[in-house]
Amino acid sequence: MSKIAIGGDHAGFEHKKALIDYLTSKGNEVKDFGPFSDASVDYPDYVHPIANAVEKGEFDFGILICGTANGVAMTANKHVGIRAGIAWAKELAALTRQHNNANVLCLPARFISMDVAKECADAFLTTEFEGGRHQNRVDKIPC
Ligand code: RB5
């Protein structure tokens, strides 16, 4: 089971609630970083605290949800210790762990159902990094 930091913006609020219930029921420890309503907010205000906490090792993984996943991914990936991958299908969620050793999953709430969000989270949390040639590539990401 994993220790997970979750957050995003107003567009991801309903998906976030559903994911927290789902992941908690499966035995994960999930901390909600907000937002705590569907009122309009600026996603960087919620993403930076999660990225800092994952970078510090306080959580195994982060899950970020906004409308398209782009804003949260762009923000999270400004942190040198974060590898945030976007997924809209379980195969992509698994591959960003296998190939990119992603430590943050970014989901586009306006383009995926709750069920697909849950499938993506499951795939992400249960897939290991392959290492090998992918380790060489991941080592070259920071700048
Ligand atoms: C909010 O309207 C929307 O811009 C945001 O959720 C996200 O898609 C940004 O990348």
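The notes below deal with the structure included here.

Analysis parameters
Residues numbered from 1 in each chain as written. Predicted model: local features only at pLDDT ≥ 70, side-chain atom pairs only at ≥ 80, totals over all residues. Heavy atoms only, no water. Helix = DSSP H or I, 4+ residues; strand = E, 2+ residues; numbered from the N terminus. Expected span 1.5 Å × (residues − 1). Buried < 20%, exposed > 50% of the residue type's maximum accessible area, 1.4 Å probe, protein only. Arc of directions from axis to C-beta. Contact = heavy atoms within 4.5 Å. Phe/Tyr/Trp six-rings, centres within 6.5 Å; stacked < 30°, edge-to-face > 60°. Near = heavy atom within 4 Å. Polar contact = N/O pair within 3.5 Å; in protein donor to acceptor, adjacent residues only side chain to side chain. Areas by Shrake-Rupley, 256 points an atom, 1.4 Å probe, with all protein chains shown as cover. Nonpolar A, V, L, I, M, F, W, Y, C, P; charged D, E, K, R; others polar.

1. Points about helix α2 (residues 44-55)
Look at α2: 16 Å from first C-alpha to last across twelve residues, which is about the 16 Å you get at 1.5 Å a residue. Looking only at α2, the buried set comprises Val47, Ile50, Ala51, Ala53 and Val54. The buried residues of α2 occupy an angular sector of 165° when projected down its axis, which confines them to one face. Those residues of α2 that are buried are in contact with β1 (3-8), β3 (61-66) and α3 (70-76).

2. Section: the packing of aromatic side chains
Evaluation of the coordinates by the stated rule reveals two aromatic pairs. Ring centres of phenylalanine 33 and phenylalanine 59 lie 5.7 Å apart, and the angle between their planes is 70°; this geometry places the pair in the edge-to-face category. Here phenylalanine 33 is found in the loop between β2 (29-32) and α2, whereas its partner phenylalanine 59 is found in the loop between α2 and β3, with 26 residues between them in sequence. In this structure phenylalanine 33 comes out as buried when scored by relative accessible area, which is 18%.

3. Quick notes on the site of the ligand
The environment of the ligand is formed by Asp9, His10, Ala11, Tyr43, Cys66, Gly67, Thr68, Gly71 and Arg110. Interatomic distance of 2.9 Å between a backbone N/O atom of threonine 68 and an oxygen atom of the ligand. Taking glycine 71, its main chain carries an N or O atom lying 2.9 Å from an oxygen atom of the ligand. Computed on the free molecule, the ligand has an accessible area of 290 Å², of which 72% lies beneath the protein chains in the complex. Class assignment for the residues of the shell around the ligand results in three nonpolar, four polar and two charged.

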